[in-house]
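Examining the three-dimensional arrangement
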Amino acid sequence: MRKGLDAWIALLGPALLVVLVGIGSTFVSRANEIHFLNALVAVAIVVAIYVFVGSSGVLSFGQISFVAVGAFAAGVMTVPLESKTGVLPDLFPLLRDHTIGNVASLVLAAAVGGAFAFLVGMPLMRLSGLAAGIATFAVLEITHNLLREWIKIGPGATTLSLVPETTGPLQATVGVLIVIGVAWLYQRSPLGRKARATREDPAAAQAVGISVHRQRLWAFTLSGALCGFAGGLLVHMLGSITTEQVYLELTFLTLAMLVVGGVTSLWGAVVGALAVSGLDSVLGNAEDGIGVGFRLDLPEGSRLVILGGLMALMLILRPSGITGGRELRLPRRRTA
Amino acid sequence: MILSAVDAQTLVDAVGLGAVYALMAVGIGLVFGMLRLVNFAYGQLIMAGAYTLAFTSGWPVAGSVLACFAVVIALSFLMEGAVFRPLRTQSPAVMLVTTFAVAFLLQAVALILDIRDGTIGEPAVSVASLNQVVTIGGVDVRKVTILAVVVAIVALALLALLLGKTTIGLQMRAAAADFRTARLLGVKADRVIGAAVLLSGILAATVAVILTVQFPLVSPDFALKETIVVLVGVVVGGIDRLWTATLGGFAIGFATGVINGALPTDKTVFLPSAVFALVILVLLLRPAGLFAGGRATAVDRV
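Looking only at helices and strands, chain B has 11 helices and four strands in total. Here the C-alpha radius of gyration of chain B, 19 Å, is about what a compact globule of 302 residues would show, namely 19 Å. When the backbone C-alpha atoms are referred to their principal axes, chain B occupies close to 55 × 50 × 35 Å. Taken over 302 residues, chain B has a buried fraction of 49%.

So, in structure tokens, the structure goes:
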């Protein structure tokens, strides 16, 4: 009974937090709304990464490549037809002469992300430890390089603009809820449990007949699809995007969010993403001067110093993250 | 077959690049051997050295270089004491992400120091004379390339002597092989770690000088790209042992140089794809490292 309740709280806690942020975004000025939307999209990306890194225990630097292909797939396919030949003349005719709707583009982003992750994962998921980390990083480099230089599939090194800005408070909230819901269903399913078994003890998991390779590949593919979907949300929030925005900085920032929150729980992924992006926004505003009881006016550039310092301090003092890598659950009486 | 398409000029440049990467690989590999920590912030040590050279541009060259060494070594000890030490017992993922945060922090500090004059990027002119070109047998060689290769060979030889012939070297090798057992046998943890940090700091300062000569405009992301590539090279070579890690660093520098020369001019923009595709291939075939003996399996035997 209690166990069943805890499982629901592990879903409803993060979901409620996300809904609150979504509602909060409608009460603030237009200039501040973007901070809330940014935080929501960050939650989507971090939860998507958590689905692989949290379940398998393998550190991946490559998940942002799936965010990137999702973002560019959704972006390129929703640029209005009348301006497309003008701004993206070098595309393959199939891409150049067709445009799809908002929801269809998000589905496409998820499909492309998932398919790409599956293809990449088939050989790569045989690796583990540092070798896996570096190999997935190599995927990020190759994806970035191709997206940046191959103008038949995208805008190349120039900015992709004119993407409809459909990710408002509603789409961001619903999108994140979908990602959280899928992540929760996965971690409750037999597949998710098997993946966690390979994380805890690969040798024992194999001994009871669980294929480490297959479970990691499942987690990687699902994570890739969710990353692609989150990329779709991202491009529809920004309206214009370059390949640099879905590259190293985003990779390090989202991984830091996950580790700060707690790698092994959904709650940790959500809390980490919201805490770090919230702090980032507050500090960013403080650089321009805000009143929070007293007047806070930080010198230019100090935002990143404080953010980096706090993240390092946090990891040193509490390496298992804010949540300790545990799901949210009801406080319980200590039994002697 | 590829080599036939590559001229002497490309080879010289590739060896020069490989030498610098090998030095960085040793610095990263030494600390990894002691602490099992992949130090992503290693590039920021080099960046700090480069800024020291830039800010002391008015000084005599020797003074400027000395200041660079002092700052980098001090900073690497500070990093060890403040960050690595409390993390000694943590998982590799936590350690790595913490060094991201440190790298991020140091870059932000550098940006604040740099932007005081209103522009990003500081020129380092005092050491620029080494960037002159000498022509040997029809091949243009920059003086700094010769310096890099000579320094790399001398540094590696000295290191081999230190590790092979001295007590502290023996203790460091023992600690790298099995830290706990080495401690049980009387190796002082702080001493071997201190020695590794000192050596890796000296190497970082050396690389700072060499890279600053080649790229005299110092910015907050100085050496960032190089560090990432070297980290990749170190793992591809085999991070568990210093020599395989060093060879890995050299190999990725050399391979980058050769592939760059071999690609047709209009395709050189795809150089990163070619290099990283090779990286993936090598990792799939030899996950434990290109130069490491034996094969690692996905699952450790209990």
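Let us now look at the overall build of chain A. Counting its secondary structure elements, chain A contains 14 helices and two strands. Each of the three principal axes of chain A carries a C-alpha extent, and together these read 70 × 60 × 35 Å. Here chain A holds 336 residues, and the buried ones make up 54% of them.

Looking now at unusual backbone geometry. Residues and elements named next belong to chain B. Of note in this structure, R36 is not a glycine but carries a positive phi near 55°. Its 16 C-beta neighbours within 10 Å are what place R36 among the partly exposed residues. If you check the backbone angles, A223 has positive phi at about 70° while not being a glycine. Given 26 C-beta atoms within a 10 Å radius, A223 is considered buried.

Attention shifts here to the environment of B:Q107. All names here are of chain B. Mapping Q107 onto the fold places it in helix α4 (residues 92-114). Residue class for Q107 comes out buried when judged on the 21 C-beta atoms lying within 10 Å of it. Residue contacts for Q107: discarding those within four places in its chain leaves Q44, P220 and D221.

Right, let's get into the packing of helix α6 (residues 167-177) of chain B against helix α8 (residues 189-214) of chain B. Residue and element names in this part refer to chain B. Across the interface, α6 lies against α8 with an axial gap of 10 Å and an inter-helix angle of 100°. Here α6 is positioned roughly perpendicular relative to α8, judged by the angle of their axes. Between α6 and α8, the contacting residues are I168, Q171, M172 and A175 on the first element and V192, A195 and A196 on the second. Across the contact of α6 with α8, the residue classes break down as six nonpolar, one polar and no charged.

Attention shifts here to the interface of chain A and chain B. Facing the 37 residues of chain A at the interface are 38 residues of chain B. Only α7 (129-149), α10 (202-207), α11 (212-238), α12 (248-261) and α14 (302-317) of chain A provide two or more residues apiece to the side of chain A that touches chain B. Of the residues in the side of chain A that touches chain B, the class split is 26 nonpolar, eight polar and three charged.

This part covers the nonpolar core. Note on soluble globular proteins: their nonpolar side chains tend to be buried together. Membership of the largest hydrophobic core comes to 214 residues, with the highest contact counts inside it found for A:V43, A:V47, A:A230 and B:A50. Of the residues forming this core, the biggest block, 17 residues, is contributed by helix α2 (residues 30-56) of chain A. Those residues in contact with A:V43, other than ones at most four positions away along the chain, are A:V18, A:V176, A:V270, A:A273 and A:L274.

What follows concerns the packing of helix α5 (residues 143-165) of chain B against α8(B). All names here are of chain B. Across the interface, α5 lies against α8 with an axial gap of 10 Å and an inter-helix angle of 170°. The orientation of α5 with respect to α8, classified from their angle, is roughly antiparallel. Here V144, L147, A148, V151 and A155 of α5 come into contact with α8, specifically with L203, T206, I210, V213 and Q214. Here the residues of the contact of α5 with α8 sort into eight nonpolar, two polar and no charged.

Moving on, we come to helix α9 (residues 190-200) of chain A. Residue and element names in this part refer to chain A. Along α9, the residues classified as buried are G192, K194, A195, T198 and R199. Down the axis, α9 shows its buried residues gathered within 160° of arc, on one side only. Of the exposed residues in α9, those oriented more than 90 degrees away from the buried face are P190 and E200. Looking at the buried positions of α9, the neighbouring elements they touch are α2, α8 (169-188), α10 and α11.

Moving on, we come to the environment of A:L250. Residues and elements named next belong to chain A. By secondary structure assignment, the location of L250 is in helix α12. Classification of L250 by C-beta neighbours within 10 Å gives partly exposed; the count is 19. Taking the C-alpha atoms as reference points, L250 and I64, separated by 186 residues in sequence, lie 7.3 Å from one another.

Further remarks concern the environment of B:V236. Along the chain, B:V236 turns up in helix α9 (residues 224-237). With 12 residues separating them along the chain, B:V236 and B:G248 place their C-alpha atoms 6.0 Å apart. Excluding residues that lie within four positions of it along the chain, B:V236 makes contacts with A:I134, B:G248, B:I252, B:V279, B:V282, B:L283, B:G289 and B:L290.

Definitions and cut-offs
- Residues numbered from 1 in each chain as written.
- Chains lettered and ligands numbered in written order.
- Predicted model: local features only at pLDDT ≥ 70, side-chain atom pairs only at ≥ 80, totals over all residues.
- Helix = DSSP H or I, 4+ residues; strand = E, 2+ residues; numbered from the N terminus.
- Rg over C-alpha atoms; globule rule 2.2 N^0.38 Å.
- Buried ≥ 20, exposed ≤ 12 C-beta atoms within 10 Å, placed from the backbone.
- Contact = placed C-beta atoms within 7 Å.
- Axes fitted to C-alpha atoms, helices over the stretch in contact; angles between N-to-C directions.
- Parallel < 35°, antiparallel > 145°, perpendicular 65-115°, else oblique.
- Nonpolar A, V, L, I, M, F, W, Y, C, P; charged D, E, K, R; others polar.
- Core = buried A, V, L, I, M, F, W, Y, C linked by C-beta atoms within 7 Å.
- Arc of directions from axis to C-beta.

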